[in-house]
Amino acid sequence: MTDSAEASSAEASGTATSGTATSSTATDSTAEGNAVAVSGTGSSNFTNDQLACGGEPEASDSLKAFGAVVKAFRRRARLTQEEFAPQVRYSVPTVASIEQGRRFPSLEFVERAEEVLDAFGALRGAARHLSRRPGIANWFRQWAGIEADAVSLYTYECRVVPGLLQTEAYTRAVSLSVPPRPDEEELNARVAARLDRQELLSTRRKPPTTFSFIVEQAVLERHTGGEDVTREQYDHLLDVIERHWNVEFQLMPLRQPVHAGLDGPMRLAETPEHRWFGYSEGQENGRFITDVKEISRLHRRYASLRSQALTPEDSLSLLKRMRGAL
């Protein structure tokens, strides 16, 4: 799946195992919008339906309700967020995001909060009914949660322009390219979710996230959506690169005899607690990666990709030439 596979948030623990999720309608081109849930820890009381429920994206009222319940029990325990966060072993921003209904709580958070707040099963019960906001696919939710608070995000993409860099027209073209095509309502939800995620690029975030993107030149040469869409996408990329000091963009040239990314796209994220997680997608699955050995391998591959791709300066120059040729 491509960056159409948006999903709501959930932070994974360092001991969680990686998992794979499948869906009847997913490819990263239509992906961040329609797939199935991912890895768990094996210690939860959640049903498989909560952890891997395929189908259409759901509403986010349940996240807000769960956050309100956590906040009420925290106040009942006379704890501030600053006092509560270390007791559940999560950062203050993560606790705040969960209480505001912006982040999908991990199983570990639910269990630790239940114990710390002496919630007599209320938090576990509320967590069973959590769902996502429109335009967000269930299987992508853990990664989206990590992504939302990450201090560093690395992306290698060989299929489409990464979702964080897409224009609205490009997003629509990608979503409509891969069967089955979404209806208008679903398409609009995907586009809205994608554009919402792009707020992560902002340098006004505290702290701003540091981004590294490596994209195959062939992805841009494909002209997805036609000449007008491609021209707008090129202009948008140039604008993002030149205006955002926190974004590093590299193109992988068409000819690269030695290529560390032949196993497909990958993403790596560093949390505020300086833990790293990975994510990869296939035709009909998404995989959230927490195993430290796998993360190490992905880091080595990404380091090789950085050295094999054009430098940021040469990439910008090439992109300008490609734009001028349209």
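Scoring rules and cut-offs
Residues numbered from 1 in each chain as written. Predicted model: local features only at pLDDT ≥ 70, side-chain atom pairs only at ≥ 80, totals over all residues. Heavy atoms only, no water. Buried < 20%, exposed > 50% of the residue type's maximum accessible area, 1.4 Å probe, protein only. Helix = DSSP H or I, 4+ residues; strand = E, 2+ residues; numbered from the N terminus. Pairing = 2+ DSSP bridges. Contact = heavy atoms within 4.5 Å. pLDDT = per-residue confidence, 0-100. Salt bridge = Lys/Arg side-chain N within 4 Å of Asp/Glu carboxyl O. Phe/Tyr/Trp six-rings, centres within 6.5 Å; stacked < 30°, edge-to-face > 60°.

**What about the pairing of strand S4 (residues 247-252)?**
Thought 1: Summarising burial for S4: five of the six residues are buried, a large majority.
Thought 2: Inspection of the sheet shows strand S3 (residues 210-216) paired to S4 by six bridges, in the parallel sense. Residue Phe-211 lies in a different strand from S4, and its bridge partner there is Val-247.

**Digging into helix H8 (residues 168-177)**
An α-helical turn contains 3.6 residues, so a residue and the one three or four places further along point in the same direction.
Thought 1: Three or more residues of H8 are buried, namely Tyr-170, Thr-171, Ala-173, Val-174 and Ser-175.
Thought 2: Of the surrounding elements, those touching the buried residues of H8 are helix H9 (184-197), helix H10 (217-221) and helix H11 (227-243).

**Quick word on unusual backbone geometry**
Thought 1: Following Pro-179, the chain continues into Pro-180 via a peptide bond in cis, with omega recorded as -5 degrees.
Thought 2: Checked against the element boundaries, Pro-180 lands in the loop between H8 and H9.
Thought 3: Put simply, Lys-206 and Pro-207 share a cis peptide bond, and its omega is -5 degrees.
Thought 4: Although it is not a glycine, Arg-78 sits at a positive phi angle of roughly 60 degrees.
Thought 5: Relative to the elements of secondary structure, Arg-78 occurs in the loop between helix H2 (61-76) and helix H3 (81-88).
Thought 6: Overall, the relative accessible area of 76% leaves Arg-78 in the exposed class.
Thought 7: Not every positive phi belongs to a glycine, and Phe-120 is a case in point at roughly 40 degrees.
Thought 8: For Phe-120, the position within the fold is in the loop between helix H5 (107-116) and helix H6 (122-127).
Thought 9: Owing to a relative accessible area of 63%, Phe-120 belongs among the exposed residues under this scheme.

**Let's talk about the confidence of the model for the protein**
Thought 1: For the protein, the mean per-residue pLDDT works out to 80, and 79% of the residues sit at or above 70.
Thought 2: Between residues 1-59, whose pLDDT stays under 50, and residues either more than four places distant or in other chains, the model counts 257 contacts.

**Observations regarding the pattern of salt bridges**
Thought 1: Under the criterion given, the structure shown has 16 salt bridges.
Thought 2: Here Arg-287 makes a salt bridge to Glu-294, at a shortest N to O gap of 2.8 Å.
Thought 3: Each of Glu-157, Arg-159, Arg-267 and Glu-281 takes part in salt bridges that share partners, so that together they form one network.

**Quick word on the packing of aromatic side chains**
Thought 1: With the rule as written, the count across this model stands at eight aromatic pairs.
Thought 2: Taking 5.5 Å as the distance between ring centres and 70 degrees as the angle between the ring planes, the aromatic pair formed by Phe-73 and Phe-120 counts as edge-to-face. One end of the pair, Phe-73, is in helix H2; the other, Phe-120, is in the loop between H5 and H6, with 47 residues separating them in the sequence.
Thought 3: Taken together, a centroid distance of 5.6 Å and an interplanar angle of 20 degrees make the contact between Phe-277 and Phe-288 stacked. Here the residue Phe-277 occupies a position in strand S6 (residues 276-281), and Phe-288 occupies one in strand S7 (residues 285-289), the gap between them amounting to eleven residues.
Thought 4: Exposure remark for Phe-288: the relative accessible area of 0% places this residue in the buried category.

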